[in-house]
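What the coordinates show
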Amino acid sequence: GALRLALLGATACRLTSLARVLETVDCLTGAIWNPPQEVVLAALQAETAAATILATESWVRSIPFFYTLTPAGAVAFQTLMRLPLPCPASPAALSVAEIKFCLLDVAERADAVTAAADLARFYSACRDRIAVARPDNAGDRPFLARLYAERTAIAEARLKMLADFGTPSPAAPPGMPA
């Protein structure tokens, strides 16, 4: 699901060159999981065969094809954006959350609002899990304490950006910044 969402999102706005598709997918997936270029190309071919992404021949010699969503691809993209994220304990869920977060600006407004509310729930749950784990594990471990602080800061930054987007954020647990 994560790679498919990234591919559909990378081609959602305009005709996109292969290099731009690869760069966008790399950017969307790079923080958590970065698929090899061959995997991305195979997935792009599969989406083209499934008629969710259209490959259009280019008149520019250095760019043989441009890619864009088909109407079926747009429906698939919006469906994936609306799917609720699973429990934040899953590493795959964090990958999909980061991709969804970066694609909010290319989703239809109603779908973006739904996805943003789900992301706020997800990042809030991540922050809460960190708050519960921190007292038991970080007291005498400076690197672990730093990791908890960084992960909390990331969750808080995402919640702040979602709030700026207009998504209410669940309240922080006691002792955590709001």
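Counting from 1, residues in each chain are numbered in the order their sequence is written. The model is predicted, so local features are restricted to residues of pLDDT at least 70 and side-chain atom pairs to those at 80 or more, both for listing and for counting; the totals for chains, interfaces and linings are taken over all residues. Just so you know, side-chain values use all the structure's heavy atoms and leave hydrogens and water out.

1. Quick notes on the overall build of the protein chain
Strands are runs of DSSP state E lasting at least two residues, helices are runs of H or I lasting at least four, and both sets are numbered from the N terminus onward. The helix and strand inventory of the protein chain stands at seven helices and three strands. Listing every helix and strand of the protein chain by position from the N terminus yields α-β-α-α-β-β-α-α-α-α. A buried classification covers 40% of the 178 residues belonging to the protein chain. Accessible area is worked out with a 1.4 Å probe on protein chains only. A residue is then buried under 20% of its type maximum, exposed over 50%, and partly exposed in between.

2. Let's talk about the nonpolar core
Membership of the largest hydrophobic core comes to 39 residues, with the highest contact counts inside it found for L7 and L104. The set of elements that each furnish at least two residues to this core consists of helix 1 (2-10), helix 2 (18-29), helix 3 (37-49), strand 3 (65-69), helix 4 (71-82), helix 5 (91-103), helix 6 (109-137) and helix 7 (142-165). For this core, the leading source of residues is helix 6, giving eight residues. In this text, buried Ala, Val, Leu, Ile, Met, Phe, Trp, Tyr and Cys residues form a nonpolar core when linked through side-chain atoms within 4.5 Å.

3. Here we look at helix 1
Counting buried positions along helix 1 yields eight of nine residues, so the element is predominantly enclosed. Those residues of helix 1 that fall on the buried side of the exposure criterion are A2, L3, L5, A6, L7, L8, G9 and A10.

4. Concerning the packing of helix 1 against helix 3
Following both chains from N to C, one finds helix 1 and helix 3 inclined at 70 degrees, their axes separated by 10 Å at the closest point. Viewed along their axes, helix 1 and helix 3 adopt a mutual orientation that is roughly perpendicular. Of the residues in helix 3, those in contact with L3, R4, L7 and L8 of helix 1 are V39, V40, A43, L44 and E47. Residues are grouped as follows: Ala, Val, Leu, Ile, Met, Phe, Trp, Tyr, Cys and Pro are nonpolar; Asp, Glu, Lys and Arg are charged; all remaining types, including Gly, are polar. Looking at side-chain class alone, the contact of helix 1 with helix 3 contains seven nonpolar, no polar and two charged residues. Axis angles are defined between N-to-C directions and span 0 to 180 degrees, where every axis is a line fitted to C-alpha atoms and, for a helix, only to the segment in contact. Just so you know how the angles are binned, under 35 degrees is roughly parallel, over 145 roughly antiparallel, 65 to 115 roughly perpendicular, and the rest oblique. Residues are treated as being in contact if the distance between any of their heavy atoms lies within 4.5 Å.

5. Some points on the sheet that holds strand 3
Within a sheet, each strand pairs with its neighbour through backbone hydrogen bonds, oriented either parallel or antiparallel. For two strands to pair, DSSP has to find at least two bridges joining them. The strand order 1-3-2 describes an open sheet built from three strands, whose pairing is antiparallel. Bordering the open sheet on either side are strand 1 (16-17) and strand 2 (53-57), each of which pairs with just one other strand. Where strand 1 lies against strand 3, two bridges are found, and the strand directions are antiparallel. Opposite T16, over in strand 3, you have Y67 as the bridge partner.

6. A short note on the environment of F77
Structurally, F77 can be placed in helix 4. Taking relative accessible area as the criterion, F77 reaches 1% and is therefore assigned buried. Linking F77 and T52, residues 25 residues apart in sequence, is a C-alpha distance of 9.1 Å. If we skip the residues at most four places from it in the chain, F77 touches L5, L8, G9, L69, L103, V106 and A107.

7. Side note on unusual backbone geometry
With the exception of glycine, most residues fall at negative phi, and the peptide bonds are largely trans. Phi is positive for A51, which is not a glycine, with a value near 65 degrees. Looking at where A51 falls in the secondary structure, it is placed in the loop between helix 3 and strand 2.

8. Concerning the packing of aromatic side chains
Only centres within 6.5 Å qualify two rings of Phe, Tyr or Trp (six-membered ring in Trp) as a pair; their planes then separate them into stacked at under 30 degrees, edge-to-face at over 60, and tilted for everything else. Applying the stated criterion across every chain yields a total of three aromatic pairs. With centroids separated by 6.5 Å and ring planes inclined at 40 degrees, the aromatic side chains of F65 and Y67 adopt a geometry described as tilted. Using a relative accessible area of 33% as the deciding quantity, one classes F65 as partly exposed. On the numbers, 6.3 Å between centres and 90 degrees between planes, the contact of F101 with Y123 is edge-to-face. One end of the pair, F101, is in helix 5; the other, Y123, is in helix 6, and 22 residues separate them in sequence. For the pair F101 and Y123, a shared accessibility class is recorded, and that class is buried. Through successive ring pairs, a cluster of aromatic residues spans F101, F122 and Y123. Lysine NZ or arginine CZ positioned within 6 Å of the ring centre and within 35 degrees of the ring normal marks a charge as sitting over the ring. Lying over the aromatic face of F101, R158 brings its terminal NZ or CZ to 4.7 Å of the ring centre.

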